[in-house]
Amino acid sequence: MPRVPAVRLTATLLAAVAFTGCTATPDSTAPPGTTPPAVDGAEGAEGIGDPYYPDDGNGGYDVTDYAVGISYDPAARRLDGDTTVTAEATADLSRFNLDLTGFDVSRVEVDGVQARAERAGDHELVITPATPVVKGAEFKTRVVYSGEPQAEPDGDLGTNGWQVSTSGGAYAAGEPHSASSWYPVNDHPRDKATFSVRARVPDGWSVVSNGREEAPKPEGGWTTFTWVEPNPIAPYVTTVAIDRWTIVRSTLPGGVPLVDAYAPGTEGKRADEERVPEVLAFLADRFGPYPQSGAGGIFLNENIGFSLETQGRPIYAKWADLDTIVHEQAHQWYGDSVSIESWADICLNECFASYAQWLWDESANRVDLDDRFRATVSKTSGNTRYWNRKLYDMGPGNEFTAVYDKGQLAMHALRRQIGEDAFSSLLKRWASTHRDGNASWPQFEDMAVEVSGQADLRPFLTAWFRDAAKPEDRYLFPGTLR
């Protein structure tokens with residue numbers, strides 16, 4: 001995800017929905033005075049199957065589209081939502097789950113027919129349709145909900161999910177999960193889908209999200225803002241940000257719309273952000289064509305612990321600089337377009353984006369990366385705590401650590417091990433082969449062996465990425481580093 005400051009550097013609904021307040025009990029979606037009939041079929045799994053976060057996501061279906069509708073009053077901090085999730089059943093379903101943290105749920109429909117919904121655990125919304133969903137069928141689940149969104153104090157990166165900004169606005173951001181804090185979702189990057197949001201806010205406030213914007217629609221003291229992302233998107237890189245934005249619009253060469261949003265107090269970030277066309281041109285030269293439908297950035301006046309690669313339009317913390325912009329924009333290829341299969345694969349996001357910062361320094365600032373590599377190895381030579389961290393399958397809770405610094409060394413060593421031409425080809429081929437999809441670290445290892453033509457590459461990859469130890473010298477100093 002993110003670029004973290006200093007050491008760990010990163011990290012649609014209805015046209016004008018009438019949202020009503022509700023304080024329903026969890027079972028209120030069942031028709032009054034009735035008991036849903038018994039049905040045959042399978043129950044969708046409560047988790048998608050990621051061993052690091054077994055409760056994240058859900059099984060039994062594949063989401064194809066999210067049409068998110070919200071109305072948010074910053075003064076009351078109340079969100080009213082009406083979201084439709086379109087999915088294809090991968091099993092016969094008598095029951096299935098969506099992830100939704102908090103909120104009172106007043107109604108759930110499956111294909112237009114009222115369904116029973118119950119809450120389980122911290123974020124499970126368990127839905128029993130009136131008629132089982134048949135394997136292979138497309139079905140639409142509508143959820144109407146309301147309440148004050150809740151953030152999650154989660155992990156090394158700090159608070160995840162919906163957060164209130166100092167201006168009184170709000171934004172949604174976080175990793176490994178955040179989407180369930182504001183809409184019902186299959187909350188795991190393995191299930192990507194198209195996405196749109198229609199957000200209604202009082203006049204004077206405005207809304208920025210992923211993808212391309214449509215014309216705002218004012219009505220009765222409120223304005224509805226619509227954003228549409230036609231590319232598949234992982235849930236944690238969806239966002240909505242509400243503030244009194246200063247918005248700057250332009251267009252990249254080739255016609256991609258560039259939208260930058262600055263919260264009050266962040267006007268000083270414009271000089272760095274104005275270099276985004278230059279940054280994206282550089283990255284496209286290294287990684288292949290820019291893969292997103294929109295571009296730009298969302299600049300918060302908040303000292304949060306991370307900046308995040310929200311798709312097409314990263315969210316930046318108050319401390320973000322040009323280095324951060326390079327990192328988050330590199331994620332548009334590695335992390336957003338090509339998303340991880342499981343959280344054990346996070347090096348595919350962070351090692352790549354962190355090394356992009358080195359590549360930028362090499363090109364824009366004439367930094368000798370071999371010298372930087374040797375200096376870093378020398379500085380950390382006796383630091384077993386630094387070296388004894390795995391870059392692949394590092395264990396839950398350890399994802400956002402070594403990938404930001406040791407990961408840069410590993411990627412540079414790989415470049416010197418397989419040579420410049422093979423490394424350049426590998427970066428582009430990875431991005432093009434898995435564009436708009438998901439992939440795993442073992443798949444990357446297979447491609448690295450194939451592209452390099454080095455049948456004996458696997459011990460090198462094991463020493464750098466799989467082992468929790470400093471590589472022995474023959475792997476530590478390959479090629480020109482020796």
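If you're wondering where the values come from, they're calculated on a predicted model, not measured in any experiment.

Novice: Any chance you could explain unusual backbone geometry here in plain terms?
Specialist: Excluding glycine, most residues fall at negative phi; most peptide bonds, likewise, are trans. Residues Glu 175 and Pro 176 are joined by a peptide bond in cis, for which omega reads 15 degrees. Inspection of the secondary structure assignment puts Pro 176 in the loop between strand S12 (170-173) and strand S13 (193-202). The backbone of Phe 103 sits at a positive phi, close to 75 degrees, despite the residue not being glycine. Given the relative accessible area of 11%, Phe 103 is considered buried.

Novice: Looking at this model, I keep getting lost on the packing of helix H9 (residues 441-452) against helix H10 (residues 458-466). Mind explaining?
Specialist: The angle between the axes and the distance between the axes are what describe a pair of packed helices. The N-to-C vectors of H9 and H10 enclose an angle of 145 degrees; their axes lie 11 Å apart at closest approach. In terms of crossing hand, the pair formed by H9 and H10 is right-handed. Facing H9, whose interface residues are Trp 441, Pro 442, Glu 445, Asp 446 and Val 449, H10 presents Arg 458, Leu 461, Phe 465 and Arg 466. Residue composition of the contact of H9 with H10, by class: five nonpolar, no polar and four charged.

Novice: Just to check I follow, could you spell out the packing of aromatic side chains for this structure?
Specialist: How two aromatic rings sit relative to each other is given by the distance of their centres and the angle of their planes. Applying the stated criterion across every chain, the model contains 31 aromatic pairs. Note on Trp 387 and Trp 464: the rings are 5.9 Å apart at their centroids and 55 degrees apart in plane angle, and the pair reads as tilted. Taken together, the positions of Trp 387 in helix H6 (residues 384-387) and Trp 464 in helix H10 put the pair 77 residues apart, joining distant regions of the chain. Of the two residues, Trp 387 and Trp 464, both sit in the buried class. Pairwise contacts between aromatic rings join Phe 287, Tyr 290, Trp 333, Tyr 334, Phe 352, Tyr 392, Trp 430, Trp 441, Phe 444 and Phe 465 into one cluster. Above the face of the Trp 222 ring, Arg 200 is positioned so that its terminal group lies 4.3 Å from the ring centre.

Novice: Please explain the state of the cysteines as it appears in this structure.
Specialist: By definition, a disulfide links the sulfur atoms of two cysteines through a covalent bond. All chains considered together, the criterion is met by one disulfide. Through a disulfide, Cys 347 is tied to Cys 351; the S-S separation comes to 2.1 Å. Across the disulfide from Cys 347 to Cys 351, rotation about the S-S bond amounts to roughly -115 degrees, and the bridge is consequently left-handed. Here Cys 347 pairs with Cys 351, and both are found in helix H4 (residues 347-364), just four residues apart, close to one helical turn. With respect to burial, Cys 347 and Cys 351 carry one shared label: buried.

Novice: Explain the nonpolar core to me, please; I cannot follow it from the model alone.
Specialist: Side chains of nonpolar character tend, in soluble globular proteins, to be buried together. Tyr 145, Trp 162, Trp 182, Phe 352 and Trp 464 are the most contacted members of the largest nonpolar core, which totals 142 residues. Of all the elements, H4 adds the most residues to this core, at ten residues.

Novice: Would you mind showing me how to read the pairing of S12 here?
Specialist: On a regular strand, one side chain projects to one face of the sheet and the next to the other, so that they alternate. Neither face of S12 is left uncovered, since the one carrying Ala 170 and Ala 172 and the one carrying Tyr 171 and Ala 173 both have all their residues buried. Bridge count for strand S11 (residues 159-164) against S12 is four bridges, and the pairing is antiparallel. The residue of S12 that forms the bridge with Gly 161 is Ala 173. Bridge count for S12 against strand S18 (residues 240-243) is two bridges, and the pairing is antiparallel. From the neighbouring strand, Tyr 171 faces S18, where its bridge partner is Ala 241.

Novice: Please clarify how a negative patch on the surface should be interpreted in this entry.
Specialist: A cluster of like negative charges, contributed by Asp 62, Glu 88, Asp 111 and Glu 138, occupies part of the molecular surface. With respect to the secondary-structure elements, Glu 138 resides in strand S9 (residues 138-147). The exposure class assigned to Glu 138 is exposed, which follows from its relative accessible area of 55%.

Novice: What is the right way to read helix H8 (residues 420-433) from this model?
Specialist: Taking 1.5 Å of rise per residue, the 14 residues of H8 would be expected to cover 20 Å, and the 20 Å separating its terminal C-alpha atoms lies within 8% of that figure. Three or more residues of H8 are buried, namely Ala 422, Phe 423, Leu 426, Leu 427, Trp 430 and Ala 431. Viewed end-on, H8 has its buried residues packed into an arc of 160 degrees, placing them on one side of the element. Pointing more than 90 degrees away from the buried face of H8 are the exposed residues Asp 421 and Ser 432. For H8, the secondary structure elements touched by its buried residues are helix H2 (276-287), H4, helix H7 (406-418), strand S24 (438-439) and H9.

Novice: Before we go on, may I ask you to explain the sheet that holds strand S22 (residues 315-316) in this structure?
Specialist: What links the strands of a sheet is backbone hydrogen bonding, and the strands pair in either a parallel or an antiparallel sense. One open sheet accounts for four strands, arranged S19-S20-S21-S22; its pairing is mixed. With one partner strand each, in any of the chains shown, strand S19 (246-251) and S22 form the two edges of the open sheet.

Novice: How should I be thinking about the pattern of salt bridges in this particular structure?
Specialist: Two side chains bearing opposite charge may form a pair once their charged atoms approach each other closely. What the rule picks out here adds up to 20 salt bridges. Between Arg 415 and Glu 362 there is a salt bridge whose closest N-O contact spans 3.1 Å. With Arg 415 in helix H7 and Glu 362 in helix H4, this residue pair connects regions lying 53 residues apart in the sequence. For Glu 362, a relative accessible area of 21% gives the class partly exposed. One network of salt bridges, with partners in common, ties together Arg 286, Glu 362, Asp 370, Arg 415, Arg 416 and Glu 420.

Novice: Help me understand the sheet that holds strand S10 (residues 151-153) in this model?
Specialist: If you walk across this open sheet you meet the five strands as S10-S11-S12-S18-S14, and the pairing is antiparallel. Either end of the sheet is taken by a strand with one partner, and the two such strands are S10 and strand S14 (206-209). Here the strands of the sheet are splayed against their neighbours by 25 degrees on average, with no regard to which way each runs.

Novice: Can you help me understand the side chain of Ser 181 in this one?
Specialist: On the secondary structure map, Ser 181 appears in the loop between S12 and S13. Using a relative accessible area of 0% as the deciding quantity, one classes Ser 181 as buried. At a separation of 3.0 Å, a polar atom in the side chain of Ser 181 contacts the main-chain amide nitrogen of Trp 162. Among the polar contacts made by the side chain of Ser 181, one reaches the main-chain carbonyl oxygen of Ser 178 at a distance of 2.7 Å. Contacts of Ser 181, omitting those with residues within four sequence positions, involve Thr 101, Phe 103, Pro 149, Gln 150, Gly 161 and Trp 162.

Reading guide: rules and limits
Residues numbered from 1 in each chain as written. Predicted model: local features only at pLDDT ≥ 70, side-chain atom pairs only at ≥ 80, totals over all residues. Heavy atoms only, no water. Helix = DSSP H or I, 4+ residues; strand = E, 2+ residues; numbered from the N terminus. Buried < 20%, exposed > 50% of the residue type's maximum accessible area, 1.4 Å probe, protein only. Axes fitted to C-alpha atoms, helices over the stretch in contact; angles between N-to-C directions. Left-handed = near helix turned anticlockwise from the far one by under 90°. Contact = heavy atoms within 4.5 Å. Nonpolar A, V, L, I, M, F, W, Y, C, P; charged D, E, K, R; others polar. Phe/Tyr/Trp six-rings, centres within 6.5 Å; stacked < 30°, edge-to-face > 60°. Lys NZ or Arg CZ within 6 Å of the ring centre and 35° of its normal. Disulfide = S-S within 2.5 Å. Core = buried A, V, L, I, M, F, W, Y, C linked by side-chain atoms within 4.5 Å. Pairing = 2+ DSSP bridges. Patch = residues over 30% accessible without salt bridge, like charges linked within 9 Å, V, L, I, M, F, W, Y side chains within 5 Å. Areas by Shrake-Rupley, 256 points an atom, 1.4 Å probe, with all protein chains shown as cover. Salt bridge = Lys/Arg side-chain N within 4 Å of Asp/Glu carboxyl O. Lys, Arg positive; Asp, Glu negative; His and termini not counted. Charge placed at Lys NZ, Arg CZ, Asp CG, Glu CD. Expected span 1.5 Å × (residues − 1). Arc of directions from axis to C-beta. Polar contact = N/O pair within 3.5 Å; in protein donor to acceptor, adjacent residues only side chain to side chain.

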